[in-house]
Amino acid sequence: MTDWQQLESKYYMQTIVRVPLTLVRGEGARVWDDKGKEYLDFVCGLAVNCLGHCPKVVAEAVAEQARTLMQASNWYYTVPQVQLARLLVENSCLDRVFVCNSGLEANEGAVKLARRYGHLKLKGAYEVITTMDSFHGRSLAMTAASGQPKMHAPYVPLPAGFINVANNDIEAIKSATTEKTCAVMLEPVQGEGGVNLPSGDYLKEVRAWCDSQGILLILDEVQTGIGRLGTLFGYQLYGIEPDILTLAKGLGGGIPIGAVLAKEKASVFAVGDHNSTFGGNPVTSAAACATLKYVVAHDIPGNAGRVGQYLTERLNALKNKYSFITDVRGRGLLVAVEFSSDIGQSVLMACLERGLLVNKLKASAIRLIPPLIIGRKEVDEAIGILDGVFSGIVT
Ligand SMILES: *Cc1c(COP(=O)(O)O)cnc(C)c1O
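Scope of this entry: the structure provided in the associated data block. Keep in mind that what you see is a predicted model, and the values were worked out from it rather than measured. (Residues numbered from 1 in each chain as written. Predicted model: local features only at pLDDT ≥ 70, side-chain atom pairs only at ≥ 80, totals over all residues. Heavy atoms only, no water.)

Another aspect to go through is the sheet that holds strand β11 (residues 325-331). Taken in spatial order, the four strands of this open sheet run β11-β12-β15-β14, and their pairing is antiparallel. Edge positions in the sheet fall to β11 and β14 (359-362), since each of these pairs with one other strand and no more. Across this sheet, the average inter-strand angle for adjacent strands is 25°, counted without regard to direction. By the bridge criterion, six bridges tie β11 to strand β12 (residues 334-339) in an arrangement that is antiparallel. Considered in β12, the bridge of G330 is made with V335. (Pairing = 2+ DSSP bridges. Helix = DSSP H or I, 4+ residues; strand = E, 2+ residues; numbered from the N terminus. Axes fitted to C-alpha atoms, helices over the stretch in contact; angles between N-to-C directions.)

Following this line, the structure appears as structure tokens:
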């Protein structure tokens, strides 16, 4: 039998310490490794496979479009791209769409748009305020935007124009705002940085501040968008509307795609300002159309909200049982479990042994980001495995 992990160590750039598991197949909330062992997947491609693995509607849309028209440049009109833009506008508070290929690209587009707005409407303002522990992607500019100093260190000098301020602190945003500021960029709930929820009326206060200063609010919903928090978009949960919104992870149901959405007043790109060879490709756009239609028609966000509530309740019961669980937090199906010591990796490995995939959020926490189509049955199964794992932990 081929040792894929050994071949990877020889041929692939070593940028990540992988979980020792080679996945070959997936269906719904299950995946199988190269030895035929089955796992319940509470990672789902890192919050990507919102409809589970290989959802039929998406696989069929991809196959059909791949047989019909696979790629055409943006010098031409193509049907799936226009259909996707229309679906996104009709289901959100935004007015216009630019389709790209990933989360960081969507955020790059959003920041370029905000700078364009600054040049045109705010006397050349170009700075974007972001928060500590945020994650916006790994291009040089998005590395600078992400408030994680450990990400910055290997790549200095980074592009200028990003100010990282304390999270959940409206006064920090106010005092960082100058005549150079064109936008504030936030995740409604910080994902990679720790599943950190906004406190109190923070997001409403930021919205009001941006309005009072005439600057733009960009919401990075690459992780929270498309139902993850229990509403189609995270902004709906917190009663605010962004000027610019970015999407990616869940948007293609497992196919790589991203999008920048903007209100009409912020849609200031002129001809020649921005483009992408693959952005809005017919196949990926068809996948996103199929995903979005299914998500809306079957109220997948509603399911994520209800099942997420149940998952959180069951995790809180485990928290009462095991004193080394110090926190259970999240919304919908974006949930973190924090421990009193650095047992994240051993919990992950013990879960793997018992057939459950979880994500290590940091040394002392795991993240649960299952497909949004799961029910109580899958939650019960995962909780049973976690209970077994926790009962074996000596602290
Ligand atoms: C994952 C993520 C990104 C980066 O997306 P990529 O597709 O990996 O470039 C950006 N912002 C947030 C909030 C994310 O969770």
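Pairing between the strands of a sheet comes from backbone hydrogen bonds, and it takes one of two forms, parallel or antiparallel. What the seven strands build is an open sheet, ordered β4-β10-β9-β8-β7-β5-β6; its pairing is mixed. If you trace the sheet from one side to the other, it starts and ends with β4 (96-100) and β6 (162-165), each paired once. The sheet shows a mean angle of 20° between the axes of neighbouring strands, direction not considered. As judged from the five bridges shared by β4 and strand β10 (residues 258-262), these two strands associate in the antiparallel manner. Each bridged residue has a counterpart across the sheet, and for V99 the counterpart in β10 is A259. Against the sheet, helix α4 (residues 79-90) contacts β4, β9 (244-247) and β10, and its axis sits at roughly 130° relative to β4. Against the sheet, helix α9 (residues 202-213) makes contact with β5 (127-131), β7 (181-186) and β8 (216-220), and its axis sits at roughly 165° relative to β7, the strand it touches most. (Contact = heavy atoms within 4.5 Å.)

Bringing the pattern of salt bridges into the picture now. Counting across every chain of the model gives 21 salt bridges. A salt bridge links D273 to R116; the nearest nitrogen and oxygen atoms lie 2.7 Å apart. Separated by 157 residues along the polypeptide, D273 in the loop between β10 and α11 (282-297) and R116 in helix α5 (residues 103-121) bring together distant segments of the chain. Look at D273 and you get partly exposed, because its relative accessible area is 23%. One network of salt bridges, with partners in common, ties together R207, D211, D243 and K265. (Salt bridge = Lys/Arg side-chain N within 4 Å of Asp/Glu carboxyl O. Buried < 20%, exposed > 50% of the residue type's maximum accessible area, 1.4 Å probe, protein only.)

Moving on to the nonpolar core. L315 and F390 are the most contacted members of the largest nonpolar core, which totals 113 residues. Grouped together as the second largest cluster of nonpolar side chains are six residues, L21, V31, Y39 and L357 included. (Core = buried A, V, L, I, M, F, W, Y, C linked by side-chain atoms within 4.5 Å.)

Its 16 residues place the ends of α11 22 Å apart at the C-alpha level, agreeing with the 22 Å of an ideal helix rising 1.5 Å per residue. Within α11, twelve of the 16 residues are buried, leaving the element largely enclosed by the surrounding structure. Those residues of α11 that fall on the buried side of the exposure criterion are P282, V283, T284, S285, A286, A287, A288, C289, A290, T291, L292 and V295. Buried positions along α11 lie against α3 (56-68), α4 and α12 (300-321). By the N-cap criterion, in which a side-chain oxygen at the helix start approaches the backbone nitrogen of a residue two or three places on, α11 is capped by N281, the distance to V283 being 2.7 Å. Just downstream of α11, D299 is the residue with a positive phi angle, here 40°. (Expected span 1.5 Å × (residues − 1). Polar contact = N/O pair within 3.5 Å; in protein donor to acceptor, adjacent residues only side chain to side chain.)

Note that all results are geometric; they support no functional claim without further evidence.
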